[in-house]
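Each chain is listed here by its residues.
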Amino acid sequence: MSEEKSLNFIEDIIEEDLRAGKYKSILTRFPPEPNGYLHIGHAKAICLNFGLGLKYGGKTNLRFDDTNPVTEETEYVDSIKDDIKWLGFTWAEELYTSDYFGKLYEFAVDLIKKDLAYVDDSTAEEIAAMKGTPTEPGKDNLYRSRSIEENLQIFTDMKDGKYKDGKKVLRAKIDMKHTNMLMRDPIIYRIKHAHHHRTGNDWCIYPMYDFAHGQSDSIENITHSVCTLEFIPHRELYDWLIEKLEIFPSHQYEFARLNMTYTVMSKRKLLQLVNDGHVKGWDDPRMPTLSAFRRKGYTPESIRTFCDKIGVAKRENFIDLSLLEFCLREDLNQRALRVMAVLDPVKLIISNYDDGKTEELISENGPDEAMGKRVLTFGKELYIEREDFMEEPAKKWFRLAPGAMVRLKSAYIVKCESFIKDNSGKITDIHCTYIPESKSGSDSSGISVKGTIHWVNAATAVTAEVRLYDRLFTVENPLGEEGDFKDTINPNSLDIIKNAMVEPSLKDATAESRYQFIRKGYFCLDKDSTPGKMVFNRTVTLKDAWAKEVKKK
RNA sequence: UGGGUUAUGGUGUAAAGGUAGCACAACAGAUUUUGAUUCUGUUUGUCUAGGUUCGAAUCCUAGUAACCCAACCA
């Protein structure tokens, strides 16, 4: 095959439309409802819609689908805008469906005048009963034959606030026996005496999704209105309304939403996790929201790469979380500064190193020369990772053990001579000797060791809190289990380490800094940090061949 | 008992009648002052049954499975 990437089915359609001269340029839109935070599934839709605009020299609008005042809030509007900007996209116009309430009302009046809409006084239960089921046709009710004049008058009265919530609705007059349930006289306007986040108390009737979305697309001259699969049955109604209203013919195309292992992706369920206190807010780093990924240290580039790799198609998919992590590591590996941090410290004392002596050693900041170098202080007392020492070494173990030698990264080779345990059997000190000729960069010792471990100098190390995150759920598909999805929440999804010892250069960390704690993973500074106490989030672990080796047994 | 949509390795995604490719995952090895990175290699697939054709993932017929549709949510 050639170098260029093959097109997805929507790109196929657009290229065909452009080729055929159906449109001179394209216009897409991203239409979130401001009732929750954006998650990784939205990122797929954002990358798709904005990506299409960019690729074909068109534009993309951001339109808040705010037709339900009871669930929508400005807080969500702000977070959504932040997330889209963070991902790196720029919208042509910031619009709101509520901008069109006047126009939409006119459309409804137009429909009534064409005898294509009527006011129904039935209760919600009655309407549901008359609607039939997917396998049984619905039935007409007596309100369906109301006169145009009467409908016009009552609809005006509805708008003027003469009725209470739920007393009347406006319905499109289509076909109660239609095989598509959505075509059985769908409700297009309902009464809600509620405060709207933008229009305040101007309206007490609000259009339903189906009477707002397609019409908004049309008003904006959207050429390709891309949405997820569950809206397929809505397309027939979308087209019907555009045809009857005789307005600009936007077209709807549907793709499969993103599903990912070890998480859930519905705003309703995410809201539940927040409200029930299973996580500490929408941006808790264990959440699949964009604000959580950002806080956890993910880069927008890695998420865009991920969205590119998963593709766009119409079949249900279930993406492996490891693909997202792969994209992340690939990016972080290139940009993260390498530093040393000991998460579970145990003291290492070098017996043949002079008391009070220190040395300044040079270490590279990363694999790329351009990342520069930094100075590390070495001394007689260090901290190393507790798990890097094994009293009775396992097979293929090439870290520290009694009598064994190991390289201290960017420093010397040391040999373990003895160790001390406290009353509870916990190792408190490891005594080593070092090989003076083995200094990194000028090693003349002739000794080669298999293992290299990280360390920090006890005298100059800084204490920091480190938060280790694991997947939020214990099973790949929390919704595939019997019972409530919350039963599969991972009780160990957060491990807080209060006293990690990190090298002093980390004092310069900023919110944007990306680090690799050598051999432990990628980390970033959390917003909970204070001048007196740094807090780091583990963004993702490094791949760990040893852990895999251990697991095999 | 209705209507709609989709079926390609473990997971995704290409192949527009002509060599089933790519990525992740898994496995094996090389390199390595991060058991990381990098590099090399291996395993695994066209839902089923018929048919058309020199040739079928692709076309035809009949099945099967999964998902969606009965909020005054979007």
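All values reported here derive from a predicted model rather than from experimental measurement. Here, residues in each chain are numbered from 1, in the same order as that chain's written sequence. To read the labels, note that chains go from A and ligands from 1, taken in the order they are written. In keeping with the predicted nature of the model, local features appear solely for residues at pLDDT of at least 70, side-chain atom pairs appear and are counted solely at 80 or more, and the whole-chain, interface and lining totals rest on all residues. By convention in this description, side-chain values take in all heavy atoms of the structure and omit both hydrogens and water.

## Thoughts on the overall build of chain A
Working definition: helices are DSSP H or I runs of at least four residues, strands are E runs of at least two. Numbering for both runs from the N terminus. Scanning chain A from terminus to terminus reveals 13 helices and 25 strands. Note on method: radius of gyration uses C-alpha positions; expected globular size equals 2.2 Å times residues raised to 0.38. Relative to a compact globule of 553 residues, whose C-alpha radius of gyration would be 24 Å, chain A shows 31 Å and is clearly more extended. For chain A, the C-alpha atoms occupy an extent of roughly 100 × 55 × 45 Å along the three principal directions. Buried means the residue's accessible area, taken with a 1.4 Å probe over protein chains only, is under 20% of the maximum for its type, while exposed means over 50%, and partly exposed covers the values in between. Within chain A, the proportion of its 553 residues that are buried is 54%. Here, residues are in contact when the closest pair of their heavy atoms is within 4.5 Å. Within chain A, counting contacts between residues at least 6 apart in sequence, those at least 24 apart form 71% of the total. Of the charged side chains in chain A, 80 are positive and 89 negative; the average position of the first set lies 2 Å away from that of the second. Counting rule applied: Lys, Arg positive; Asp, Glu negative; His and chain ends not counted. To locate a charge, take atom NZ for lysine, CZ for arginine, CG for aspartate or CD for glutamate.

## Side note on the protein's contact with RNA strand B
It suffices for a single heavy atom of a residue to lie within 4 Å of a molecule or strand for the residue to be listed as near it. Residues in close proximity to RNA strand B total 61 residues, the closest being Thr-67, Arg-338, Arg-399, Ser-440 and Gln-516. By atom count, sugar and phosphate contribute 61% of the portion of RNA strand B lying within 4 Å of the protein. A 3.5 Å cut-off defines polar contacts: any pair of N or O atoms within that distance qualifies, except that in protein one atom must be a possible hydrogen donor and the other a possible acceptor, and neighbouring residues in sequence count only when both atoms are side-chain atoms. Within the backbone of Lys-396, a nitrogen or oxygen atom sits 2.9 Å from a base nitrogen of RNA strand B. A distance of 3.3 Å is found between a sugar or linking oxygen of RNA strand B and a side-chain nitrogen or oxygen belonging to Thr-452. Under the grouping applied here, Gly and all other residues not named as nonpolar or charged are polar, the nonpolar ones being Ala, Val, Leu, Ile, Met, Phe, Trp, Tyr, Cys and Pro and the charged ones Asp, Glu, Lys and Arg. Partitioning the surface near RNA strand B into residue classes produces 23 nonpolar, 19 polar and 19 charged.

## Regarding the sheet that holds strand β7 (residues 205–207)
Read from one edge to the other, the open sheet built from four strands follows the order β4-β5-β6-β7, with strand pairing classed as antiparallel. With one partner strand each, in any of the chains shown, β4 (117–120) and β7 form the two edges of the open sheet. Strand after strand, the sheet turns through a mean of 20° between neighbouring axes, direction not considered. Judged from the three bridges that link them, strand β5 (residues 169–172) and strand β6 (residues 187–191) form a sheet pairing that is antiparallel. Across the sheet, the residue bridging to Val-169 is Arg-190, located in β6. In this analysis, axes come from line fits to C-alpha atoms, helices being fitted only over the stretch in contact, and the angle between any two N-to-C directions falls in the range 0 to 180 degrees. Together, β4, β5, β6 and β7 form the strand contacts of helix α6 (residues 148–159), whose direction differs from that of β4 by roughly 60°. Paired strands, as defined in this entry, are two strands with at least two bridges between them according to DSSP.

## Concerning the domain arrangement of chain A
Domain extents, as shown, originate in an automatic or database domain assignment. As assigned here, chain A comprises domain 1 (9–257), domain 2 (267–337 + 464–552) and domain 3 (346–454). With centres defined by C-alpha atoms, the gap from domain 1 to domain 2 works out at 35 Å. Taken together, the contact between domain 1 and domain 2 spans 25 residues of the former and 24 residues of the latter. Throughout, the accessible surface (probe 1.4 Å) given up by two parts as they are put together, summed over both, is called the buried area. Counting the surface lost from both domain 1 and domain 2, the interface buries some 2300 Å², and carbon and sulfur atoms represent 69% of this. When the buried area of domain 1 at its contact with domain 2 is split by residue, Tyr-37, Ile-40 and Trp-86 rank highest and sum to 32% of it. A pairing counts as a salt bridge when a side-chain nitrogen of Lys or Arg comes within 4 Å of a carboxyl oxygen of Asp or Glu. A salt bridge links Asp-83 to Arg-294; the shortest N-O distance between them is 2.4 Å.

## Side note on the packing of aromatic side chains
Only Phe, Tyr and Trp rings take part, Trp by its six-membered ring, and two of them pair if their centres are within 6.5 Å. Stacked means planes under 30 degrees apart, edge-to-face means over 60, and tilted covers everything else. The final tally for this structure, using the stated rule, is 23 aromatic pairs. Note on Phe-101 and Trp-203: the rings are 6.1 Å apart at their centroids and 75° apart in plane angle, and the pair reads as edge-to-face. Residue Phe-101 is found in helix α4 (residues 101–113), and its partner Trp-203 is found in the loop between β6 and β7; the two are separated by 102 residues along the sequence. As far as the burial class goes, Phe-101 and Trp-203 line up, both buried. In this scheme, Lys NZ or Arg CZ marks a charge over a ring once it lies within 6 Å of the ring centre and within 35 degrees of the ring normal. Across from the ring centre of Tyr-96, 3.5 Å away, lies the NZ or CZ of Arg-198, which sits over that ring. Above the plane of the ring of Tyr-353 lies Lys-357, whose end atom (NZ or CZ) is 4.8 Å from the centre.

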